[in-house]
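Letter by letter, the chains look like this.
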Amino acid sequence: MTLSTRGAQTPAVLVLEDGRAFRGRAYGAVGETFGEAVFSTGMTGYQETLTDPSYHRQVVVMTAPHVGNTGVNDEDPESGRIWVSGYVVRDPARKPSNWRSQRSLDEELAAQGVVGISGVDTRALTRHLRERGAMRVGIFSGEAIPDEGTLLAKVRQAPEMTGADLSAEVATKEAYVVPAIGTKKFTVAAVDLGIKGMTPHRMAERGIEVHVLPATATLEEVYAVRPDGVFFSNGPGDPSTADHPVALMRGVLERSTPLFGICFGNQILGRALGFGTYKLKYGHRGINQPVQDRTTGKVEVTAHNHGFAVDAPLDKVSDTEFGRAEVSHVCLNDQVVEGLQLLDRPAFSVQYHPEAAAGPHDAAYLFDRFVSLMEGQRA
């Protein structure tokens, strides 16, 4: 990525690897950037999206036309920085209007060196990605625009998401502790594969002291904190490359410690149980995805950010090395596996984001399920 100063009237162009191009204006930093083009269907929560480490090396297209209305504050980020590699909006707010706003989204993108583009027909771009699938993309503005042929060659030289091992790039390098709120009831070791800040907070609200550990943590380091449960977080990249987290999870399963995984953690559980994973055509992203909890029949509206999924049978209970396993949750849009649970050991996972940042709150009960598993193990 190369950068210079920002300028709202600076010409910009977005070039997809299949040759389709969209012209607009620079938004945020001026320069060039590359990543995987994906779209998010959320109408709000852009600040949480931008700071979600799971979006590392992705260029996010916002399907909602008006973006930036509420500005940016210092309370809502899910991590210490913006992780998207590029940002695409149609009609950015000229001036933020919210009592919590501290600066504009344009200013924040520029300050963190995130190259974006505005004035793009994001509806046409989204339809193109739905038909052709997620693909590599480049955004170029200012002096970074020579001719589209040269730009296309640059895009096609960028690395693909398939085969990308990225979790260690976004995870904490040093362990830290999020204390329980109120009376401490449990201790959880959380393996950070790209964790969002709201996740340990949701556990802390339930009396859990959370020890957040690097993605490279060993089984000995996990159990050094004497955990009542182990958590595997969300994160970016291709789960087929995550051999260390899979081996680590298998060690946890062998000890029958209560286990909970979300997003990347769900894919890790799938691999640990012997299932495969595959890349979705364009993925699930946004805060309005319908999922059915097959254990209760309840349908919940959920927040998603995943481009890969677990390949597990929907119509039967599977026998695994760690006992019987079944698909616990499924996406009602396309029948993609959205959750797994073991029937003979205390372990489950979901593909989506129950921490609800930003919203909705339908899936908060999953943290209570984790607590119930630890209570049952202790009893």
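Keep in mind that what you see is a predicted model, and the values were worked out from it rather than measured.

**Focus on the pairing of strand β15 (residues 259-262)**
Alternating positions in β15 separate into two faces, Leu-259 and Gly-261 on one and Phe-260 and Ile-262 on the other, with burial throughout. Between the parallel pair strand β14 (residues 229-232) and β15, the chain is carried across by helix α8 (residues 243-254), and the sense of this crossover is right-handed. Sheet analysis places β15 next to strand β21 (residues 347-350), joined by 4 bridges and oriented parallel. The residue bridging Gly-261 from the neighbouring strand is Ser-349, located in β21.

**Topic: the UniProt feature "binding site: L-glutamine" (unreviewed entry) in the chain**
Residues given the UniProt feature "binding site: L-glutamine" (unreviewed entry) here are Ser-54, Gly-235, Gly-237, Phe-264, Gln-267, Asn-305, Gly-307 and Phe-308. Spanning 255 residues, the named residues nonetheless gather at one spot, since no C-alpha pair among them exceeds 13.3 Å. Relative to the elements of secondary structure, Phe-264 occurs in helix α9 (residues 264-272). Phe-264 has contacts with Ser-167, Leu-193, Ser-233, Asn-234, Gly-235, Pro-236, Gly-237, Asp-238, Pro-239, Ala-242 and Gln-351, leaving out every residue within four places of it along the chain. Summarising the element assignment, Gly-307 is placed in strand β17 (residues 299-311). Residue classification places Gly-307 among the buried positions, given a relative accessible area of 11%. For Gly-307, the residues in contact, after removing those within four places along its chain, are Tyr-278, Lys-279, Leu-280, Gly-283 and Arg-285.

**Observations concerning the pattern of salt bridges**
Evaluated as defined, the whole model comprises 19 salt bridges. Close ionic contact of Asp-368 with Arg-206 constitutes a salt bridge, the shortest N to O distance being 2.8 Å. Of the two residues, Asp-368 sits in helix α10 (residues 365-378) while Arg-206 sits in the loop between α6 (198-204) and β13 (208-213), which places them 162 residues apart along the sequence. When its relative accessible area of 38% is taken as the criterion, Asp-368 is described as partly exposed. Given the relative accessible area of 17%, Arg-206 is considered buried. Among the charged side chains, a salt-bridge network with shared partners connects Arg-202, Glu-205, Arg-206 and Asp-368.

**Looking at the packing of aromatic side chains**
One pass over the full model with this rule turns up 6 aromatic pairs. Ring geometry for Phe-34 against Phe-140: centres 5.5 Å apart, planes inclined by 75 degrees, an arrangement best described as edge-to-face. Of this pair, Phe-34 sits in strand β4 (residues 30-40) while Phe-140 is found in strand β10 (residues 135-141), placing the two residues 106 residues apart along the sequence. Judged by relative accessible area, Phe-34 falls into the partly exposed class, the value being 22%. Each member of the aromatic cluster is reached from another via a ring pair, and the members are Phe-231, Phe-260, Phe-348, Phe-367 and Phe-370. Arg-255 extends its terminal NZ or CZ atom over the ring of Tyr-223, reaching a point 4.0 Å from the ring centre. For Lys-279, the ring lying beneath its charged end belongs to Phe-308, and the centroid distance is 5.6 Å.

Cut-offs used in this document
Residues numbered from 1 in each chain as written. Predicted model: local features only at pLDDT ≥ 70, side-chain atom pairs only at ≥ 80, totals over all residues. Heavy atoms only, no water. Buried < 20%, exposed > 50% of the residue type's maximum accessible area, 1.4 Å probe, protein only. Helix = DSSP H or I, 4+ residues; strand = E, 2+ residues; numbered from the N terminus. Right-handed = clockwise from strand over helix to strand, strands pointing away. Pairing = 2+ DSSP bridges. UniProt positions renumbered as here; feature names shortened; annotations may be inferred. Contact = heavy atoms within 4.5 Å. Salt bridge = Lys/Arg side-chain N within 4 Å of Asp/Glu carboxyl O. Phe/Tyr/Trp six-rings, centres within 6.5 Å; stacked < 30°, edge-to-face > 60°. Lys NZ or Arg CZ within 6 Å of the ring centre and 35° of its normal.

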